[in-house]
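# Working through the structure, step by step
In case you want the letters, here they are:
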Amino acid sequence: MAERADLLEVHRIEQTVFPQPWPFSALESYLGEDGFLVAETDDPTTAPTVAGYVVADAVPNHGTPLGHVKDLAVRPDHRRQGVATALLSRALGVLAATGVRSVKLEVRADNEGAQRLYRAFDFEHRKTIPNYYSNGANAYVMVRLL
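In this text the structure is predicted, and so the values were computed from the model without any measurement.

The next point concerns the overall build of the chain. When helices and strands are tallied, the chain shows four helices and six strands. Relative to the compact-globule value of 15 Å for 146 residues, the chain shows a C-alpha radius of gyration of 15 Å, a close match. If you line up the chain on its principal axes, its C-alpha atoms span 45 × 35 × 30 Å. Each of the 146 residues in the chain was classed as buried or not, and the buried ones make up 40%. Considering only contacts within the chain whose residues lie at least 6 apart along the sequence, 58% involve residues at least 24 apart. Total accessible area computed for the chain in this model is approximately 8,200 Å², and 48% of it derives from carbon and sulfur atoms. The averaged location of the 18 negative side-chain charges in the chain is 7 Å from the averaged location of its 15 positive side-chain charges.

Structure representation (structure tokens):
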């Protein structure tokens, strides 16, 4: 689970990775949530740093909670090393433990790398939301049943 000491690094990754990053206060608001997870570097020659993070939670949905992966990012120099896969797998486990039966997420329509990851976890494109992002980019809503 993410700790206060991780927030600055998480925010730096957020700013590096996303064109419209979350503000620090938004990330801070998820501290203490079981679905706010970080992956740390595993280099024995350096102090651990945050390699990536995920923010996921459950939201009410007609009596059955719906999981929502809100944010997932990996430091550029740690990509293609299984970090996002490990984070998403762990987040889905946390959500399943809360009784969630399905999980949704939004992903940029032009982010093919993220879409490949989500499809590998059996997420399916359910709809497109035009102009979802502040720069006018469309989002795909993807859903997976647990």
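Resuming the write-up.
Below, the discussion takes up the environment of Leu-72. You can see Leu-72 is positioned in strand β3 (residues 66-74). Among the residues examined, Leu-72 registers a relative accessible area of 12% and is labelled buried. Ignoring anything within four residues of it in the chain, the contact list for Leu-72 reads Phe-18, Tyr-53, Val-54, Ala-84, Leu-87, Leu-117 and Tyr-118.

What counts, and at which threshold
- Going along each chain's sequence as written, the residues are numbered from 1 onward.
- With pLDDT at 70 or above as the cut-off, local features in this predicted model cover only qualifying residues; side-chain atom pairs require 80 or more to be listed or tallied, and sums for whole chains, interfaces and linings still use all residues.
- In computing side-chain properties, one takes all heavy atoms of the structure into account and sets aside hydrogens as well as water.
- Helix numbering and strand numbering both begin at the N terminus, where a helix is a DSSP run of H or I of at least 4 residues and a strand a DSSP run of E of at least 2.
- Each radius of gyration is computed over the set of C-alpha atoms, and the globule rule expresses the reference value as 2.2 Å times the number of residues to the power 0.38.
- Exposed residues in this analysis have more than 50% of their type's maximum accessible area, buried residues have under 20%, and partly exposed residues fall in between, with area computed by a 1.4 Å probe over protein chains only.
- Working rule for contacts: check all heavy atoms of both residues, and any pair within 4.5 Å makes them a contact.
- In this description, accessible areas are obtained by the Shrake-Rupley approach with a 1.4 Å probe, and a residue is regarded as covered only by the protein chains that are shown.
- Counted charges follow a simple rule, with Lys and Arg positive, Asp and Glu negative, and His plus the chain ends left uncounted.
- In plain terms, the charge of a residue is placed at NZ if it is Lys, CZ if Arg, CG if Asp and CD if Glu.

So far we have only geometry, and geometry alone does not tell us how the molecule works.
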